[in-house]
Amino acid sequence: MRVFSKSQKLDHVLYDVRGPVVDEAARMEENGMKILKLNIGNPAPFGFTAPEEVIFDMRDAIAKSQGYSDSRGIFAARKAIMQYAQIKKIPNVTIKDVFTGNGASELIQLSMHALLNNGDEILIPSPDYPLWTACANLAGGKAVHYICDEQSDWYPDLADMESKITDRTKALVIINPNNPTGALYPREVLEKIVDIARRHELIIFSDEIYDRLVMDGGEHISIASLAPDLFCVTFSGLSKSHMVCGFRVGWMILSGNKAIARDYIEGVNMLSNMRLCSNVPGQSIIQTALGGYQSVNEYIVPGGRIYEQREYVYKALNDIPGISAVKPKAAFYIFPKIDVKKFGITDDTRFALDFLREKRVLLVPGSGFNWHQPDHFRVVYLPRIPELKEAVDKMGQFLEHYHQ
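First, a word on what this report is: a plain description of the structure on this page. (Residues numbered from 1 in each chain as written. Predicted model: local features only at pLDDT ≥ 70, side-chain atom pairs only at ≥ 80, totals over all residues. Heavy atoms only, no water.)

**What about the nonpolar core?**
Test applied: The term nonpolar core refers to a set of buried residues drawn from Ala, Val, Leu, Ile, Met, Phe, Trp, Tyr and Cys, joined through side-chain atoms within 4.5 Å. Throughout this description, buried means an accessible area under 20% of the type-specific maximum (1.4 Å probe, protein chains only), exposed means over 50%, and partly exposed covers the range between. Segments assigned H or I by DSSP are reported as helices when at least four residues long, segments assigned E as strands when at least two residues long, and all are numbered from the N terminus. Residue contacts are counted whenever heavy atoms from the two residues lie within 4.5 Å of one another.
If you look at the biggest cluster of nonpolar residues, it comprises 75 residues, and the most contacted ones within it are Met112, Ile122, Phe205, Ile306 and Leu399. The element contributing the most residues to this core is helix H4 (residues 103-115), with seven residues. What leucine 399 contacts, discounting residues up to four positions off in sequence, is Ile320, Ile323, Ile338, Phe343 and Phe351. By size, the runner-up hydrophobic cluster in this structure holds 55 residues, among which are Ile90, Cys148, Tyr185 and Leu226.

Now the structure itself:
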């Protein structure tokens, strides 16, 4: 197996971070224009704050965190993550199977570099969190996108998933809860995905960073808990659930049948050692954050900010002629559909640019999430309802006259 890959030019743009729409918004801001940003899942600018005890622990830990830790992470952090895995019923996890990272993003990149040889394929959802596609391509692999079905609450199209498996397919990725759709996968869908992975002897990578942001009484189920006979890698972190994106605190859990993945695990260990360790002050808050009262629960019930903002934006968007949206069940994103025939849209990036220039509202076009039709865009509903109302009103006004 290959651990390192040659530098390659990415054929994908991370729209969350850069791209023509974000670049134009930056230029407009430099010229003194105020932009209403609904493009990135960063809670801090919208008044969300970390729990006080988390801030206290981080501050207290700084003076004691001036040296490297174990490359996987400090003992207390990995122990807390291991215990969290036990609560999630993820099987066969020891403290050696837990890796902390500078956000889950670092570990996604690490995991792809350890897995993929040039030309190897990995199944990734469409729409996806684009980092997955970018990291697979950067590692020399080929991201093959299976469709998530809007008509079925954005669940994976299992027939499409299986039809795209070849003799070069090494693994499949799920993002649950999903970014950008806000979908939450039920047990029966996860069990069928496990069956596909089992039949084709695939590794399962599961991005579960939003697993504590589930609404309407739903239950998040870790797919690894359903697959003790398979090798699974589960990703999560504190950025979203504890509103600390800037602290860069993530982790990766190896579970299940590790005997069939010895070479891969060796590669992961090597790459983990090469980056020395993730930031130690960030690791120091994991035990506190995962234990005790979870203040995020206040946001995701009726009366809570995230819940009420979701309720508002879902109804308001669906009230715009030519816009429809599936109600998200988790996270803080909604992925509306736009009637491309009504508005003559053939280029979703152009649509987002036109809207930005006229109404000074920043959205991400669906193509930024590897959705291959120009008929969707993502809205982040973290702003308070008055700001969301301003954005939706502007969209309604814009679409009254827009034709591409």
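**So, the sheet that holds strand S9 (residues 250-256)**
Applicable threshold: A pair of strands is considered paired only if DSSP assigns at least 2 bridges between the two. Axes here refer to lines fitted to C-alpha atoms; in helices the fit is confined to the stretch in contact. Angles between the N-to-C directions go from 0 to 180 degrees.
Strand order in this open sheet of eight strands is S2-S9-S8-S7-S6-S3-S4-S5, and the pairing throughout is mixed. Only two strands of the sheet have a single neighbouring strand rather than two, namely strand S2 (98-101) and strand S5 (155-156). With four bridges connecting them, strand S7 (residues 203-207) and strand S8 (residues 231-237) associate as parallel partners. Bridge assignment links serine 206 to a residue of S8, and that residue is threonine 234. Contacting S2, strand S3 (121-126), strand S6 (169-175), S7, S8 and S9, H4 crosses the sheet at an angle of about 45° to S9.

**Digging into the pairing of S9**
Of all seven residues making up S9, seven are buried, and the element is well covered by its neighbours. Across seven bridges, the pairing between S8 and S9 is antiparallel. Residue pairing in the sheet places phenylalanine 231 in a bridge with glycine 256 of S9.

**Some remarks on the state of the cysteines**
We count it as follows: Note that a disulfide, as used here, is simply two cysteine sulfur atoms within 2.5 Å.
Counted under the stated rule, the structure contains zero disulfides. In this structure cysteine 232 is not part of a disulfide, and its nearest cysteine sulfur, from cysteine 148, lies 18 Å away. Judged by its relative accessible area of 1%, cysteine 232 is buried. Cysteine 135 supplies the cysteine sulfur nearest to cysteine 245, a cysteine that is in no disulfide, at a spacing of 17 Å. Given a relative accessible area of 14%, cysteine 245 falls into the buried group.

**Description of the sheet that holds strand S11 (residues 333-334)**
Across the sheet, which stays open at both edges, the three strands sit in the order S11-S15-S14 with antiparallel pairing between neighbours. With partners counted over all chains shown, the strands left at the sheet margins are S11 and strand S14 (364-365), one partner each. Pairing analysis gives two bridges linking S14 to strand S15 (residues 377-380), with the strands arranged antiparallel. Residue pairing in the sheet places valine 364 in a bridge with arginine 378 of S15.

**Quick look at H4**
To keep it simple, the criterion reads: Given a helix with a known number of residues, its expected span is that number minus one, times 1.5 Å.
Given a rise of 1.5 Å per residue, 13 residues ought to cover 18 Å, and the 19 Å separating the end C-alpha atoms of H4 matches this to within 8%. Counting buried residues along H4, 10 of its 13 residues qualify, which places the element largely inside the surrounding structure. Taken together, the buried positions of H4 are occupied by Gly103, Ala104, Leu107, Ile108, Leu110, Ser111, Met112, His113, Ala114 and Leu115.

**Digging into the pairing of S7**
Applied cut-off: A crossover gets the label right-handed when its path from the first strand over the helix to the second runs clockwise, viewed with the strands pointing away from the viewer.
With five of five residues buried, S7 lies mostly within the body of the structure. Burial of S7 is two-sided: the residues Ile203, Phe205 and Asp207 facing one way and the residues Ile204 and Ser206 facing the other way are all buried. Pairing of S6 with S7, which is carried by five bridges, proceeds in the parallel orientation. Bridging across to S7, alanine 171 finds its partner in isoleucine 203. Remark: the S6/helix H7 (residues 187-200)/S7 crossover connection has right-handed handedness.

**Considerations on the pattern of salt bridges**
For clarity, the cut-off: By definition, a salt bridge exists where a carboxyl oxygen of Asp or Glu is found within 4 Å of a side-chain nitrogen of Lys or Arg.
According to the stated counting rule, one finds 21 salt bridges in the structure shown. Residue aspartate 216 pairs with arginine 310 through a salt bridge whose shortest N-O separation is 2.7 Å. In this pair, aspartate 216 sits in the loop between S7 and S8 while arginine 310 sits in helix H11 (residues 305-318), placing the two residues 94 residues apart along the sequence. Accessibility expressed as a relative area gives 47% for aspartate 216, which makes it partly exposed. When its relative accessible area of 0% is taken as the criterion, arginine 310 is described as buried. Across the salt bridge formed by aspartate 319 and lysine 315, the nearest N and O atoms sit 2.9 Å from each other. This pair shows no difference in class: aspartate 319 is exposed, exactly as lysine 315 is. Salt bridges sharing partners connect three or more residues here, namely Asp216, Arg310, Glu311 and Lys327.

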